[in-house]
Amino acid sequence: MSEIIADVKNISKQYGKQLALDDVSFRIRKGSIVGLIGPNGAGKSTIMKIMGGLVFPSAGELQLFGESGEKGLNHARTRSSFIIETPYAKNGLSARENLEKQRLQKGIPDKGRIDEVLRIVKLEDTGKKEFKNFSLGMKQRLGIANALLGKPELMVLDEPINGLDPQGIVEIRELLKNLNKEEKVTIVISSHILSELSLLCTDYVFINHGKIMDVLSAEQLKAECSEYYQIDTDNNELASAILTNECGIGKLEVMESGGIRIYEGLERIRDISKALYEGGAIPTVLARNEANLEDYYMKKVQGV
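Residues numbered from 1 in each chain as written. Predicted model: local features only at pLDDT ≥ 70, side-chain atom pairs only at ≥ 80, totals over all residues. Heavy atoms only, no water.

K.L.:
Would you explain the sheet that holds strand E2 (residues 18-29) in this entry?
P.N.:
Backbone hydrogen bonds are what pair the strands of a sheet, in a parallel or an antiparallel way. If you trace the three strands from one edge of the open sheet to the other, you get E2-E1-E4, paired in antiparallel fashion. The sheet is open, and its two borders are formed by E2 and strand E4 (59-64), each paired with just one other strand. With direction set aside, neighbouring strand axes in the sheet form an average angle of 15 degrees. Pairing of strand E1 (residues 4-15) with E2 involves eight bridges; the strand directions are antiparallel. (Pairing = 2+ DSSP bridges. Helix = DSSP H or I, 4+ residues; strand = E, 2+ residues; numbered from the N terminus. Axes fitted to C-alpha atoms, helices over the stretch in contact; angles between N-to-C directions.)

K.L.:
What's the story with the sheet that holds strand E11 (residues 252-254) in this structure? I'm lost.
P.N.:
The antiparallel open sheet is built from four strands, whose spatial order is E11-E12-E10-E13. Edge positions in the sheet fall to E11 and strand E13 (283-290), since each of these pairs with one other strand and no more. Adjacent strand axes in the sheet meet at a mean angle of 20 degrees when their direction is disregarded. Of the strand pairs in this sheet, E11 and strand E12 (residues 260-262) are connected by three bridges, and their pairing is antiparallel. The partner of valine 254 across the bridge, within E12, is isoleucine 260. Relative to the sheet, helix H10 (residues 269-279) contacts strand E10 (227-233), E12 and E13, its axis offset from that of E13 by approximately 155 degrees. (Contact = heavy atoms within 4.5 Å.)

K.L.:
When you look at the layout of surface pockets in this model, what are you seeing that I'm missing?
P.N.:
Any empty space left between atoms is shown by rolling a water-sized probe over those atoms. Size it by volume and the largest pocket reaches roughly 550 Å³. Around the largest pocket, the lining is made up of 28 residues, and of these Ser81, Phe82, Lys106, Asn146 and Ala147 lie nearest the centre. Every element with two or more residues in the lining of the largest pocket is listed here: strand E5 (80-83), helix H3 (95-106) and helix H5 (136-148). Take the lining of the largest pocket: its biggest share by element is five residues, from H5. Of the residues belonging to the lining of the largest pocket, the class tally is 14 nonpolar, 10 polar and four charged. (1 Å grid on protein atoms, 1.4 Å probe; cavity = no way out; pocket = protein on both sides within 12 Å on 5 of 7 lines; lining within 4 Å. Points joined across faces, edges and corners; volume = space filled by probe spheres on them. Nonpolar A, V, L, I, M, F, W, Y, C, P; charged D, E, K, R; others polar.)

K.L.:
Just to check I follow, could you spell out the nonpolar core for this structure?
P.N.:
Most often, soluble globular proteins keep nonpolar side chains buried together rather than apart. With 50 residues, the main nonpolar core has Leu142, Ile144, Leu176, Leu179 and Phe206 as its most contacted residues. Top element by residues in this core is H5. It accounts for six residues. Apart from the residues within four sequence positions on either side, isoleucine 144 is in contact with Ile83, Val121, Met155, Ile172, Leu175, Leu176 and Leu179. In terms of nonpolar packing, the next biggest core, distinct from the first, is built from 27 residues, Val24, Ile47, Phe65 and Val156 among them. (Core = buried A, V, L, I, M, F, W, Y, C linked by side-chain atoms within 4.5 Å. Buried < 20%, exposed > 50% of the residue type's maximum accessible area, 1.4 Å probe, protein only.)

The structure is reproduced here in structure tokens:
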């Protein structure tokens, strides 16, 4: 069994009358990249803040690296890093100067670590360029470099690709994959860009209204995401009746967009297409697809 480096046990968090987390439990395996997925206000940031010691749970227990309690967690957090708010840096300082300032504040004796992390995040050639003149992607990478100074085994990142352009998103994705593979860093990440999480994560935690909706691995997600045919016709109401009554398709879904998805009888698609045509519902779109992370999210978290 893989080593469990973070164990969230029955944690609840109350803010006044608002229950932000309701009996939340999940585990994080060493070497994994875990995506926290849910709408705004679902409780993702609260979980991360509890892991980072920024807020305390109202009930339940957190274990990090097998340690619990205030003293144990404070020690365990020295093996972790957290980017939950906007990464801090001085506008008038270069990347190297900002990291030197952070190195001294954190009491890290190895000056050579700055060169190492700048190389890892590909900011080694920025020279004297000031932080205020960095692109948003460069600022995010500097924040990650700062988080890497202490050689963390666990990184917790809240929306690290929010607001980035496509190139910046790809750069952060490749950086995180490299950190996980080459530097052996376990990562917890939240993002609204589900297509990116599907290219990055090994595990997923779905949360909504403070409750865990599902926890599954990338392999389990793939098994859940069935293949289907997307069908559009000039009369989808008639098409739905033909598919059910004439073709015997019981597992189908009529989409809000007006299309129809069928999840069975895929090997009979030629006969199905013929039945639709002869029944008076002329197919305009007929495409084989596979449900993805966004589809699963819509069903699991939003109930669509």
